[in-house]
Amino acid sequence: AEYGKQWYQRRVRGDADVCISVCKALAALVADDSAREALLKTNGLGSLVTLLKEATNKEVLRKAAWTVGICVADEGMARELNKNGALRTLMDFVNNSTQGVSNLAVIALEKLLQYDLASKYWHLGNLSQTDVIRDGFYDTGAHKPGEDFRSLKYLLDKSVDNKRPVLYISTLGADPEVPADLKSEASTTGSTTNIKTGRTTAKGKKTHKVEEKKEDAPSEVDTGTKEAKETGKPKFDSSFKEYVEEVVSTIGPLPTQLEQIKSLAVFVSNQMGGPVQSVSTFNHDLHIAQLKSDIKSNVIPIGFVKRGIFYHRALLFKALADRIGVAASLVRGEYNRAWNDVTLMEEGRAVHYLVNLMDSPGTLMEVGGYAAGVYKKL
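Q: Please give an account of the sheet that holds strand β3 (residues 166-168) that cites residues and values.
A: Pairing in this open sheet of three strands is mixed, and the strands run β2-β3-β6 from one edge to the other. Edge positions in the open sheet fall to β2 (138-139) and β6 (299-301), since each of these has one partner strand only. The sheet contact formed by β2 and β3 spans two bridges and is antiparallel. Bridging from a neighbouring strand, Y138 pairs with Y168 of β3.

Below, the structure is given as structure tokens:
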């Protein structure tokens, strides 16, 4: 703590040589686990971001940008930097093309986004097939000019509004500051999935239907507000946890990737209200507004959504595909569109497809083709 205080005092004095030396020392320290923990406790990273914002000496700016890139050593450090405004500051340097600083800012920004996929999707609107969504991920929608990326805690504290909801991913209701392990235990009850319907029948259980889940939803929603306010995190998403268990135990073992993709697409559609021929008559807006009102929050766990359109379904597909090792991208379009790209090997070549989750769930549309183009646009 004393080290952080001294650094802040020196930074305020504007001593360029001292600031540069401290940046170098900080870059060396982050290689040590205990040093990283101390930085998180003393908000040393906040002082580093403030230095990057306020310094006028070009060499200090260069060294501060370089140090931010070095400090992005793990997800915890990335989240702490983002919480202190590093993302916006680096974006400003990149956009302003500050000579001698922008290149270092680009490197730091890329590392920051790679460790914090929520901010990456907000900023770029694209998660690649190699990006793996973990518990604690949330989708705030596309960023607007001048807008800052907000922490989940900030979003949870906001009053309910009529804007697009924040969609939250978690199987364990884990604190968003400590992402849970990706691994999910498969259901031990034993079950099979109908590839055509995507519905799962487990031993001793009824067929998993959308109508049954709608009846279960209020029990999750009733206590959601109280838990969110008391713990600073969204309500535990038992529906999504069940989705993961079913997908891992039934779709994951299917023999081919093509079967996994098609079955998962149908499964996702069924959880989100089934095939949709016309978004305008699907009444998803009313459903989302009711959910926000019931839980008194703009942050909605993905499993609570029972009538979802493009962006709800694409996020759910990506989150579940990552749990069973099916490589899929997540791409944001305009007008609440989003989609998933997958790659299949056909006759020795890689072919890229969009996965239909709406009017014909499970249909694959080759990227660049007419059908894929229609799916992505109004």
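From this point, the discussion proceeds with the structure in view.
Q: Explain the packing of aromatic side chains to me, and be specific about the residues and the numbers.
A: Applying the stated criterion across every chain yields a total of five aromatic pairs. Judged by centre distance (5.5 Å) and plane angle (55°), the rings of W122 and F149 are tilted. One end of the pair, W122, is in helix α9 (residues 117-124); the other, F149, is in the loop between β2 and α10 (152-157), and 27 residues separate them in sequence. Judged on exposure class, the residue W122 and its partner F149 are both buried. Site record: aromatic cluster; members linked through ring pairs are W122, Y138 and F149. The residue whose ring lies beneath R332 is Y121, and the NZ or CZ to ring-centre distance is 4.1 Å.

Q: Talk me through the pairing of strand β9 (residues 341-346); I want residue IDs and the actual numbers.
A: Here six bridges tie β9 to strand β10 (residues 349-355), and the two strands are oriented antiparallel to one another. Within β10, the position partnered with T343 by the bridge is H352. Count of turn residues in the β9/β10 antiparallel hairpin: two residues, of which E347 carries a positive phi of about 55°.

Q: Can you explain the sheet that holds strand β11 (residues 364-366)? Please cite residues and give values.
A: Judged by pairing direction, the sheet is antiparallel, and its three strands sit side by side in the order β9-β10-β11 without closing on themselves. Two strands lie at the open edges of the sheet, namely β9 and β11, each paired on one side alone. When strand polarity is set aside, the average angle formed by the axes of neighbouring strands in this sheet is 45°.

Q: Give me unusual backbone geometry: which residues, what numbers.
A: Within the chain, N283 stands out as a residue other than glycine whose phi angle is a positive 60°. Position of N283 among the secondary structure elements: in the loop between α14 (257-271) and α15 (284-295).

Q: Which residues make up the packing of helix α4 (residues 44-54) against helix α5 (residues 58-71), and what values do they have?
A: Interhelical geometry of α4 versus α5 gives an angle of 145° and a closest axis separation of 9 Å. As α4 packs across α5, the resulting crossing turns out to be left-handed. Only V60, L61, A64, A65, T67, V68 and C71 of α5 make contact with α4, whose side of the interface consists of L45, L48, L51 and L52. Tallied by class, the residues present in the contact of α4 with α5 amount to 10 nonpolar, one polar and no charged.

Q: Any details on the pairing of β10? Residues and values, ideally.
A: Note: β10 against β11, three bridges, orientation antiparallel. Within the sheet, the bridge partner assigned to Y353 lies in β11 and is E366.

Q: Run through helix α16 (residues 310-323), naming residues and quoting values.
A: The first and last C-alpha atoms of α16 sit 20 Å apart over 14 residues, in line with the 20 Å expected at 1.5 Å per residue. Of all 14 residues that make up α16, 14 are buried, and the element is covered over most of its length. Directly after α16, the chain includes G325, whose backbone phi takes a positive value near 75°.

Thresholds applied
- Residues numbered from 1 in each chain as written.
- Predicted model: local features only at pLDDT ≥ 70, side-chain atom pairs only at ≥ 80, totals over all residues.
- Heavy atoms only, no water.
- Pairing = 2+ DSSP bridges.
- Helix = DSSP H or I, 4+ residues; strand = E, 2+ residues; numbered from the N terminus.
- Phe/Tyr/Trp six-rings, centres within 6.5 Å; stacked < 30°, edge-to-face > 60°.
- Buried < 20%, exposed > 50% of the residue type's maximum accessible area, 1.4 Å probe, protein only.
- Lys NZ or Arg CZ within 6 Å of the ring centre and 35° of its normal.
- Axes fitted to C-alpha atoms, helices over the stretch in contact; angles between N-to-C directions.
- Left-handed = near helix turned anticlockwise from the far one by under 90°.
- Contact = heavy atoms within 4.5 Å.
- Nonpolar A, V, L, I, M, F, W, Y, C, P; charged D, E, K, R; others polar.
- Expected span 1.5 Å × (residues − 1).

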